[in-house]
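Fold and geometry: a report
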Amino acid sequence: MTARNISRFWEWGRKIICVGRNYADHVKELKNALPTEPILFLKPPSAYVTEGSPILVPFYSSNLHHEVELGVVIGKGGTAISQSNAMDHVAGYALCLDMTARDIQEDCKSKGLPWTLAKAFNTSCPISEFIPKERIPDPGNVTLWLKVNDQLRQNGCTAQMIFSIPFLISYISKIITLEEGDLILTGTPKGVSAVQEHDELQAGIEDVITMNFKVNRKNQ
Ligand SMILES: O=C([O-])CC(=O)C(=O)O
Ligand SMILES: [Mg+2]
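Let us look at the structure shown here. Since we're looking at a predicted model, the values are computed, not measured. (Residues numbered from 1 in each chain as written. Chains lettered and ligands numbered in written order. Predicted model: local features only at pLDDT ≥ 70, side-chain atom pairs only at ≥ 80, totals over all residues. Heavy atoms only, no water.)

1. Focus: the packing of aromatic side chains
Defined as follows: For Phe, Tyr and Trp, where Trp contributes only its six-membered ring, two rings pair if their centres lie within 6.5 Å, and the inter-plane angle classes them as stacked under 30 degrees, edge-to-face over 60, or tilted in between. In this description a helix means any DSSP run of H or I spanning at least four residues, a strand means any run of E spanning at least two, and both kinds are numbered starting from the N terminus. Three exposure classes are used, based on accessible area relative to the maximum for each residue type with a 1.4 Å probe and protein chains only: buried under 20%, partly exposed in between, and exposed over 50%. Any Lys NZ or Arg CZ found within 6 Å of a ring centre and within 35 degrees of that ring's normal is scored as a charge over the ring.
Going through the model one piece at a time under the given rule, you end up with 7 aromatic pairs. Aromatic side chains Phe-167 and Tyr-171 sit 6.0 Å apart centroid to centroid with 20° between the ring planes, which places their arrangement in the stacked category. Separated by 4 residues within a single helix, Phe-167 and Tyr-171 lie in helix H4 (residues 165–175), roughly one turn from each other. According to the relative accessible area criterion, Phe-167 is partly exposed, its value standing at 27%. Grouped by ring-pair contacts, the aromatic residues Phe-9, Trp-10, Tyr-48 and Phe-130 constitute a single cluster. Above the plane of the ring of Trp-12 lies Arg-4, whose end atom (NZ or CZ) is 4.0 Å from the centre. A cation over a ring is seen here: Lys-147 above Trp-145, with NZ or CZ 5.4 Å from the ring centre.

2. Things to note about the sheet that holds strand S5 (residues 64–65)
Applicable threshold: Strands pair, by our definition, only if DSSP identifies at least two bridges between them.
The strand order S8-S5-S14 describes an open sheet built from 3 strands, whose pairing is antiparallel. Single-partner strands in this sheet number two, and they are strand S8 (100–101) and strand S14 (194–195). Where S5 lies against S8, 2 bridges are found, and the strand directions are antiparallel. Across the sheet, the residue bridging to Leu-64 is Ala-101, located in S8.

3. Some thoughts on the coordination of the magnesium ion (ligand 2)
This is how it is decided: Sodium, potassium and calcium take a 3.2 Å donor cutoff, other metals 2.8 Å, and in both cases only N, O and S atoms count; water is not among them, so sites may look incomplete.
Bound to the magnesium ion (ligand 2) on the protein side are Glu-67 (OE), Glu-69 (OE) and Asp-98 (OD), at distances that span 2.0 to 2.1 Å. In primary-sequence terms, the residues that donate to the magnesium ion (ligand 2) follow E-x1-E-x28-D. With Glu-67 in the loop between S5 and strand S6 (68–74) and Asp-98 in the loop between strand S7 (90–97) and S8, this residue pair connects regions lying 31 residues apart in the sequence. Taken as a pair, Glu-67 and Asp-98 share a single burial class, namely buried.

Here you go:
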């Protein structure tokens, strides 16, 4: 058997751990309270979709939102990783979308129910190709952007994160052991908005990477 290649980490069936409300401007636009600790939720590996395949609107939602996020790919697993060692556990990055059925999420929030239907459906995690660590020397200070049909909707810098990447790796690994191939979505800046069938999404990280996805409505 040949060694697995981290550049296809999404095929490994590992965890996708998402951080919510990590940018104050996005917390404000959705009228949420600023968190005092990271807010975590999960997506299953079946949520992954790569370029060339469409994002599918879940049949039960009529308000699917894009959230552009920096994804951190774990290269070396660990439990209770210290903040000072955290970056040694990173293999690289991926540009990610945390696709969110906002109508369902609002309903779940009002009923005190978990966000699974809003966040974890098939194709809820579009990702770019793997970005080796060296290509983003300072992940705490890069600009992420997203356009819908050529219109700029999101443009935010990771320097605005409330909880830094080393803090998140340390915090998460005390609760959930991190493994090689896991992905951490670090939260979205402001500008989230609805997408429709046939929309074309383009997103990028400065001059490092861009990615393109089409939206299709899922058949019932
Ligand atoms: O659904 C939300 O607004 C929480 C979230 O994922 C984020 O802030 O990135
Ligand atoms: Mg998000």
